Amino acid sequence: MGNTEAGRRVATLSWNNGRLELIDQRALPMRVEYLAYDSAQGVAEAIRSMVVRGAPAIGCAAAYGVALEAQRSRGRPRDEFLLHMEQALETLAASRPTAVNLFWALQRMRAVIEGDRTAPAADIAQRLLAEAHRILAEDVAANRAMGEHGARLLPDAVRVLTHCNAGALATAGHGTALGVIRSAVESGKHISVVVDETRPFLQGARLTAWELQQDNIPVTLIADSMAGHLMQKGEIGAVIVGADRVAANGDFANKIGTYMVAVLARRHAIPFYVAAPISTIDLQLASGDLIPIEERSAAEVLGFGELQWAPPGTPVRNPAFDVTPAELVTALITEKGVVEAPNAERIAALLSG
């Protein structure tokens, strides 16, 4: 099983011969390389080191990480197997703190284990693998549904700005923000995309521009600092981004720099859309102030790869995400429908509907 959605040209993650294969997103766009994993520890490191990234893809990868560890441990006595599985869950949970899909997926895998702790280890292992397959399939279906809902919001011949990568590479397939764009194009609309490069890890420049090229969707790359200028000149008709965690009141965390784009969009009366599956909504957090923000290595800001452009030893701040208040969001697009001007009441109504 696997994702074949980006023009059916690339699988972000797939299960092959008892191993999880991930496209190494650090190598894109220069090289398309796959890495294979056979343990929870390996998958956790892949998540931590950005081999795989994007909240839905992280959740899918984590689920397969649990399944891998169960396959490795299926011959152990039951009590030892269950202890080992708890350790695997904890290892994966510690890989990255902000994307709630990680914890949502791990909770689903834990529920499978807790469903029948008296079953033979081999049976539990098989159920865990089946659950991981379900999580992947559900993500693709959710992205397709989101795409259909969101495509209706985009007029024909609009130029859309997006930030970071919320495409097939960030999901099990089709994408969230890019999924809306793909679905709009599939419906016959003429959409062009402006992509922020997304400093410091360059997900927009390396990944989003590459994905759109694969699907022959017109794309223009800009530096992050150019977005306001293009909005001021009337060259952006809509903004659409993904999310790593949405609080109960509609505040959301996304890649650093998203908040600035949202403020600029409001200043220029440009609709600002967020596309995220229900699994990204965290009702345990009342507002975005409570979302944990990951701080990453200073090396990502001091340079990129082998190239260093800042003086050695320069103090660095490198928060990987920022929080955008719900009041700046025109609509939240989910697989269950669109929530205009999202707030706690409207999001609760969507989830209970």
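All of the points below concern the structure found in this document. Just so it is clear, the model here is predicted, and its values are computed rather than measured.

**What to know about the packing of aromatic side chains**
The description of an aromatic ring pair rests on the distance of the ring centres and on the angle between the ring planes.
Then step 1. This model, assessed by the stated rule, comprises three aromatic pairs.
Then step 2. Ring centres of Trp-15 and Tyr-64 lie 5.6 Å apart, and the angle between their planes is 20 degrees; on these two criteria the pair is classed as stacked. A residue pair is termed long-range when its members are at least 10 positions apart, and Trp-15 in strand 1 (residues 13-16) and Tyr-64 in helix 2 (residues 55-73) qualify at 49 residues. For the pair Trp-15 and Tyr-64, a shared accessibility class is recorded, and that class is buried.
Then step 3. The ring of Phe-321 carries Lys-255 above its face, with NZ or CZ at 4.2 Å from the centroid.

**A look at the pattern of salt bridges**
Where side chains of opposite charge bring their charged atoms close, a pairing between them can arise.
Then step 1. One pass over the structure, following the stated rule, counts 20 salt bridges.
Then step 2. The salt bridge partner of Arg-72 is Asp-38, with a shortest N-O separation of 3.9 Å. Here Asp-38 lies in the loop between strand 3 (34-37) and helix 1 (40-48) and Arg-72 lies in helix 2, a separation of 34 residues in the sequence.
Then step 3. For Asp-38, a relative accessible area of 43% puts it in the partly exposed group.
Then step 4. The partner of Glu-295 in a salt bridge is Arg-317, and the shortest N-O contact between them spans 2.5 Å. On the criterion of sequence distance, the pair formed by Glu-295 in the loop between strand 11 (281-282) and helix 10 (299-302) and Arg-317 in the loop between strand 13 (307-308) and strand 14 (321-324) is long-range, its members being 22 residues apart.
Then step 5. Where salt bridges share partners, they join Arg-96, Glu-294, Arg-296 and Glu-300 into one cluster.

What counts and what doesn't
Within any chain, residue numbers begin from 1 and follow the written order of that chain's sequence. Local features are withheld for residues below a pLDDT of 70 in this predicted model, meaning they are given only at 70 or higher, and side-chain atom pairs are given and counted only at 80 or more; totals for whole chains, interfaces and linings count all residues. Only hydrogens and water are set aside when side-chain values are computed; all heavy atoms of the structure are taken into account. Two aromatic rings, drawn from Phe, Tyr or Trp (for Trp, its six-membered ring), form a pair once their centres lie within 6.5 Å of each other, and the interplanar angle then sorts them: stacked below 30 degrees, edge-to-face above 60, tilted otherwise. By definition, any uninterrupted DSSP run of H or I lasting at least four residues is a helix, any uninterrupted run of E lasting at least two residues is a strand, and each is numbered from the N terminus. Accessible area is worked out with a 1.4 Å probe on protein chains only. A residue is then buried under 20% of its type maximum, exposed over 50%, and partly exposed in between. Whether a charge lies above a ring is judged from NZ of Lys or CZ of Arg, which has to be within 6 Å of the ring centre and within 35 degrees of the ring normal. The rule for a salt bridge is simple: a side-chain nitrogen of Lys or Arg has to be within 4 Å of a carboxyl oxygen of Asp or Glu.

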